[in-house]
Amino acid sequence: MKEYDHKKIETKWQKKWAADELYKTPDKVKGKENFYTLVEFPYPSGNLHLGHWYAFAVPDIYARFQRMTGKNVLFPMGFDAFGLPAENAAIKHNLDPRKWTDQNIEYMTRQLERMGASFDWARSLRTTDPDYYRWTQFFFTKFFENNLAYQKEATVNWCSSCQTVLANEQVINGECERCDTEVTQKEMKQWFLRISDYADRLADDLDNLDWPEPIKVAQKSWVGRQEGTQFSFQVTAETGEFADLEVFTTRPDTLYGVTYLAVAPEHELVSQLLAAEGPVKSSSKDADANGVFNGVKIKNYDKVEMYVAQAEAKTERERQENKEKTGVKLEGVVAVHPATGAEIPIFVADYVLSGYGTGAIMAVPAHDKRDFAFAEKYNITITPVVEGDADDKVFTGQGTIINSGKFDGLPSAAAAEKITKKFGQKETTYRLRDWSVGRQRYWGTPIPIVYDPDGKPHAVPEEYLPWELPDDVDHTPSGEPPLASSKKLKERTEKIFGTGWTPEVETMDTFIDSSWYFLRYIDPDNSEDFASQSARDTWMPVDFYSGGAEHTTMHLLYARFFYKALADLGFVDGEEPFKRRMNRGLILGPDGNKMSKSKGNVIDPDDQVEKVGGDSVRAYLAFIGPYNEEGTYPWDMGGIAGVRRFLERAWAMQSNLVDEPDESIEQKLHQTIKSVTEDTKALKFNTALSAMMEYVNEAKRKTTKEQFRVFLRLLAPFAPHITEELWHELGGEGSVHQQAWPEYDEKALVVEEVTIAVQVNGTVRGEIKISAKADEKEILAAAREEENVAKYLESNPEIRHIYVPSRLVNFVTRK
């Protein structure tokens, strides 16, 4: 038997598959159903890590399985190639980011080929190619023309390290999701997409999807739809009414318990009180520069101004985590309670966030813990209005209404309905905010907008797309978009549109690039359309999409919105882009921590491929835990060594084949086919491999050539190189990966006879073979008659017995 030389074998077959275009996928194959399998395409960082292998090599098992079961499988790969790392590397090394990106793509492509994944490289794409981002820009212009893309002055999330705006979804616990820098708030004009218009559909349409419940729950929570009531509180000064303050609550039954209002430091009321101009909704005279309305000056103007400045210097995370509630009373203005007519104070408080609800709350200290802490600190009245069992001073549940006039005695639900009808109106609020998409960096898709001499924005006409990224820029981040320094961009704009016209100098959030890439895979060479109607009819929606849990409320939410918006504009059909979505787990370092260069726990997959082979690496990653469940799995060097030994045992079976089939091995083979088939369908690759390991251990010297060929077809998706080599060593025709998936025979699964171990006082003294249909009485009788067992029982009378069905009998004796 020749040696299992994984280096030679894997290199040989990778070249052969590429030369034969084995995985090039036609749009249609007669008699085969199409099956679109998708993985999230990578950023070209320049070096694959084990996370990439886990993301791509393990779903490749599923793609290969579907192909062998008779599907025409599309399994493409590309590169999400715009973004900050390339730009930062270019700045650091004085390189062109395109050159850096292209070099990394070429290197990573070679690495991807080493994992033996069955990608259709003929459909590969890069988001940095003008042929690709032409269509990204086309979609943006259509969104702009249909009021789905717009500009406004807004408070945005600013990362001082990345020197750019971030979308809300890119702020994790108050930090930039890319660099972990604390995010601050900044006022600036910004481009947005109206994702909030799709909030209900993004939440409701999840119900019809074959997705795990945790993904649905996460997306619905991010949309954050709440049914409640909006109340209006009149805000008055000494000389009369000048504004209404809108508050939203999910507990209208507690209206009579409101003893103060609190507004976020960014709230319009606060900014108007501190501004030179009067409030927008005011019917009174303009204010002066000191914040005077109707002749009344804010009595603590300086204190309020200082507090607002201090609050703006804090991150949202700091404001949320600060246990001590702080605020400043707005002296000189009060709110009128809509039910009682009582005047109640208004505070500006940083525990109220502008991005939630209306940015103002009706505070009910007796029934909200944050409001209670604030009221105690500032000596504000606390009025209970719901009676119920409370473990502490604050009762947050529902109960019987008290101290609420004619509503006393009602249960909370009934009171909520009646109070809403009398004083407010039903409203629905959402956590989801419009998607901020402008970025103040260079390496991204240019926003295809130009401005006329009056500053009005216009979409770049389709005939000028792609609106290409110029190369005469200073990449150094300064807070100002690098494209502002491009003479070529300005000259191009004036040449096409006229003197005085100026270009937009921001680039798009790279999440826009990845919101539609799955559509380009299905028709990547089309120069007339992003994807033809025929291609869309053939491949969409995606049948199976595998990705990371970290993208559940970013990329996955954005892609669903994008597809729905395109459907509304008539560019695609249907409501959802992905039939089925599964999130994978996370591979940790050997120390149990997330892999990180700074922690010194990174495992280089190239090193592992060199030592034990790509088949061993991918099979180990499949074996490490269930792929269809979110979890964390530490890298175990002993575990990958065990997988390598399993492949070596499978390799050795070719030299120990027998001519006559063993009935028990034939039965074991059919049991293995059944287990592997069911587990692979369910993405339980770890238990599928366990079943194959059991088969090899039991059948390694009892398998026929034909049985071994069947086994190789089972193993092929998991270890494609070694199985291809063995298939050809055994004279198999064509590629093992083009063979049909084995089917099991139900009759062969029926067990006619079982072997049962017989113990005496816990020590095995013999075994019996008996019909699988025998009952316990028959089995015990046969066990007592077994020659060696009978000898022990003759001199040691039996006290009792233990019977484990189909496995063992244990006789307990006096000695």
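Here we summarise the structure given alongside this text. Keep in mind that what you see is a predicted model, and the values were worked out from it rather than measured.

## A word on the overall build of the protein
Regarding its fold elements, the protein presents 27 helices and 34 strands. A principal-axis box enclosing the C-alpha atoms of the protein has dimensions of 110 × 80 × 50 Å. In the protein, which comprises 815 residues, the proportion classed as buried is 54%. Summarising the internal contacts of the protein: among those between residues at least 6 apart in sequence, 71% fall at separations of at least 24. A total accessible area of about 36200 Å² is found for the protein, and carbon and sulfur atoms account for 46% of it. Treating the 99 positive side-chain charges of the protein as one cloud and the 129 negative ones as another, the clouds have centres 3 Å apart.

## Description of the pattern of salt bridges
Inspection of the entire model under this criterion finds 36 salt bridges. Of the charged contacts, one joins Asp207 and Lys220 as a salt bridge, the two residues approaching to 2.6 Å between their closest N and O atoms. Of this pair, Asp207 sits in the loop between helix H6 (199–204) and helix H7 (213–223) while Lys220 sits in helix H7, placing them 13 residues apart in sequence. A salt bridge links Glu576 to Arg560, with the nearest nitrogen and oxygen atoms 2.7 Å apart. Residue Glu576 is located in the loop between helix H17 (555–568) and strand S28 (581–584), and its partner Arg560 is located in helix H17; the two are separated by 16 residues in the primary sequence. Note on Arg560: relative accessible area 0%, which makes it buried. Among the charged side chains, a salt-bridge network with shared partners connects Arg201, Asp205, Arg560, Lys564, Asp568, Glu575 and Glu576.

## Points about the sheet that holds strand S4 (residues 164–166)
The sheet built from 4 strands is open, its strands ordered S4-S3-S7-S21 with antiparallel pairing. Looking at the sheet topology across the chains shown, the edges are occupied by S4 and strand S21 (435–436). Across 2 bridges, strand S7 (residues 183–193) lies against S21 in antiparallel orientation. Opposite Phe192, over in S21, you have Ser436 as the bridge partner. With respect to the sheet, helix H5 (residues 130–145) is in contact with strand S3 (149–159) and S7, its orientation differing from that of S7 by roughly 85°.

## Brief notes about the packing of aromatic side chains
Applying the stated criterion across every chain yields a total of 55 aromatic pairs. Both rings, one in Phe41 and one in Tyr517, keep their centres 3.8 Å apart while their planes meet at 10°; by these two values the pair is stacked. Of this pair, Phe41 sits in the loop between strand S1 (33–39) and helix H2 (50–68) while Tyr517 sits in helix H15 (residues 517–521), placing them 476 residues apart in sequence. For the pair formed by Phe41 and Tyr517, the shared burial category is buried. Ring geometry for Phe138 against Phe571: centres 5.5 Å apart, planes inclined by 75°, an arrangement best described as edge-to-face.

## Digging into the nonpolar core
Within soluble globular proteins, side chains that are nonpolar generally end up buried alongside one another. Counting 84 residues, the largest nonpolar core has Trp635, Phe646, Phe685, Met692, Phe711, Leu715 and Phe718 as the members making the most contacts within it. At 12 residues, H2 tops the list of elements feeding residues into this core. Listed in part, the 82 residues of the second largest apolar core include Ala199, Leu206, Val505 and Phe562.

## As for helix H26 (residues 776–785)
Regarding H26, the residues found buried are Ile779, Leu780 and Ala783. Seen end-on, H26 carries its buried residues on one side only, within an arc spanning 100°. Away from its buried face, by an angle of more than 90 degrees, H26 presents the exposed residues Lys777 and Glu785. Of the surrounding secondary structure, the elements contacted by the buried residues of H26 are strand S31 (753–760), strand S32 (763–771), helix H27 (787–795), strand S33 (798–804) and strand S34 (808–813). Two to three positions downstream of the cap, the backbone nitrogen of Lys777 sits 3.3 Å from a side-chain oxygen, assigning the N-cap of H26 to Asp775.

## Some remarks on helix H18 (residues 605–612)
Taken residue by residue, H18 has Pro605, Asp606, Gln608, Val609 and Val612 as its buried positions. One side of H18 carries all its buried residues, which in axial view fall inside an arc of 160°. Those residues of H18 that are buried lie in contact with helix H1 (6–20), H2, helix H4 (97–114), helix H19 (614–623) and helix H20 (637–652). Its side-chain oxygen placed 2.8 Å from the backbone nitrogen of Asp606, Asp604 serves as the N-cap of H18. The positive-phi residue at the C-terminal boundary of H18 is Gly613, with phi of around 100°.

## Points about a positive patch on the surface
A contiguous patch of positive charge, built from Lys406, Lys418, Lys421 and Lys422, is present on the exposed surface. Here Lys421 lies in helix H12 (residues 412–423). Since its relative accessible area comes to 77%, Lys421 is described here as exposed.

## So, the pairing of strand S27 (residues 544–548)
Taken across its 5 residues, S27 has 5 buried, putting it largely inside the fold. In this sheet, S27 lies alongside S1 in parallel orientation, the contact comprising 3 bridges. Each bridged residue has a counterpart across the sheet, and for Val39 the counterpart in S27 is Ser546. You can see the chain leave S27, run along H17 and come back into S28, and the turn it takes is right-handed.

## Re the packing of helix H3 (residues 84–93) against H4
Relative orientation of the contacting elements H3 and H4 amounts to 120°, with a least axis distance of 8 Å. Here H3 runs over H4; the crossing is right-handed. Every residue of H4 that contacts H3 at Pro85, Ala86, Glu87, Ala89 and Ala90 is listed here: Pro97, Trp100 and Thr101. Along the lines of polarity and charge, the residues of the contact of H3 with H4 split into 6 nonpolar, 1 polar and 1 charged.

## Topic: unusual backbone geometry
Of note, the bond from Leu465 into Pro466 is cis; its omega dihedral lies within 30 degrees of zero at 5°. Mapped onto the elements of the fold, Pro466 is located in the loop between strand S24 (457–459) and helix H13 (487–497). With an omega of -5°, the peptide bond running from Met540 to Pro541 counts as cis. With respect to the helices, strands and loops of the structure, Pro541 is situated in the loop between helix H16 (533–539) and S27. Unusually for a residue other than glycine, Asn147 sits at a positive phi of about 60°. Relative to the helices and strands, Asn147 is located in the loop between H5 and S3.

## Details of the environment of Met554
Topologically, Met554 is positioned in the loop between S27 and H17. Residues Met554 and Ala203 lie 351 residues apart in sequence; the distance between their C-alpha atoms is 14 Å. Beyond its immediate chain neighbours, meaning those up to four positions away, Met554 contacts Glu169, Gln170, Glu177 and Phe511.

## Describing the sheet that holds strand S25 (residues 502–503)
Read across the sheet, 3 strands follow the order S24-S23-S25 without closing on themselves; strand pairing throughout is antiparallel. The sheet is open, and its two edges are formed by S24 and S25, each paired on a single side. H5 contacts strand S23 (449–451) and S24 of the sheet and is inclined by roughly 130° relative to S24.

Parameters at a glance
Numbering of residues begins from 1 in every chain and follows the order in which that chain's sequence is written. For this predicted model, a pLDDT threshold of at least 70 governs which residues receive local features, and a threshold of 80 or more governs which side-chain atom pairs are given and counted, while totals over whole chains, interfaces and linings are taken from all residues. Hydrogens and water are ignored here; the side-chain numbers use all heavy atoms of the structure. Secondary structure is summarised from DSSP: a helix means a run of H or I of at least four residues, a strand means a run of E of at least two, and numbering begins at the N terminus for each. Only protein chains enter the accessibility calculation, which uses a 1.4 Å probe. A residue is then buried if its area is under 20% of the maximum for its type, exposed if over 50%, and partly exposed in between. Two residues form a contact once any of their heavy atoms are found within 4.5 Å. Using the Shrake-Rupley algorithm and a 1.4 Å probe, accessible areas are obtained, with residue cover drawn only from the displayed protein chains. Neither His nor the chain termini are counted; the positive set is Lys and Arg, and the negative set is Asp and Glu. Note that the charge is assigned to NZ on lysines, CZ on arginines, CG on aspartates and CD on glutamates. By definition here, a salt bridge exists when the distance from a side-chain nitrogen of Lys or Arg to a carboxyl oxygen of Asp or Glu is within 4 Å. A pair of strands is considered paired only if DSSP assigns at least 2 bridges between the two. The axes used here are C-alpha line fits, helices contributing only the stretch in contact, and every angle between their N-to-C directions lies in the interval 0 to 180 degrees. Think of it this way: a Phe, Tyr or Trp ring, Trp meaning its six-membered ring, pairs with another when their centres are within 6.5 Å, and the plane angle makes it stacked under 30 degrees, edge-to-face over 60, tilted otherwise. The definition of a nonpolar core used throughout is a set of buried Ala, Val, Leu, Ile, Met, Phe, Trp, Tyr and Cys residues joined through side-chain atoms within 4.5 Å. For this quantity, the arc is that covered by the directions from the helix axis to the C-beta atoms. For the purposes of these results, a polar contact is taken to be a pair of N or O atoms within 3.5 Å, where, inside protein, one atom must be able to donate a hydrogen and its partner to accept one; residues adjacent in sequence count only when each atom of the pair is a side-chain atom. Each patch is assembled from residues with relative accessible area greater than 30% and no salt bridge, linking like charges that lie within 9 Å and nonpolar side chains (Val, Leu, Ile, Met, Phe, Trp, Tyr) that lie within 5 Å. Viewed with both strands pointing away, a crossover whose connecting path from the first strand over the helix to the second turns clockwise is right-handed. Each crossing is labelled by how the near helix is turned from the far one, with a counterclockwise turn of less than a right angle marking it left-handed and a clockwise turn marking it right-handed. As a working rule, the residues Ala, Val, Leu, Ile, Met, Phe, Trp, Tyr, Cys and Pro are called nonpolar, Asp, Glu, Lys and Arg charged, and the rest polar, with Gly in that last group.

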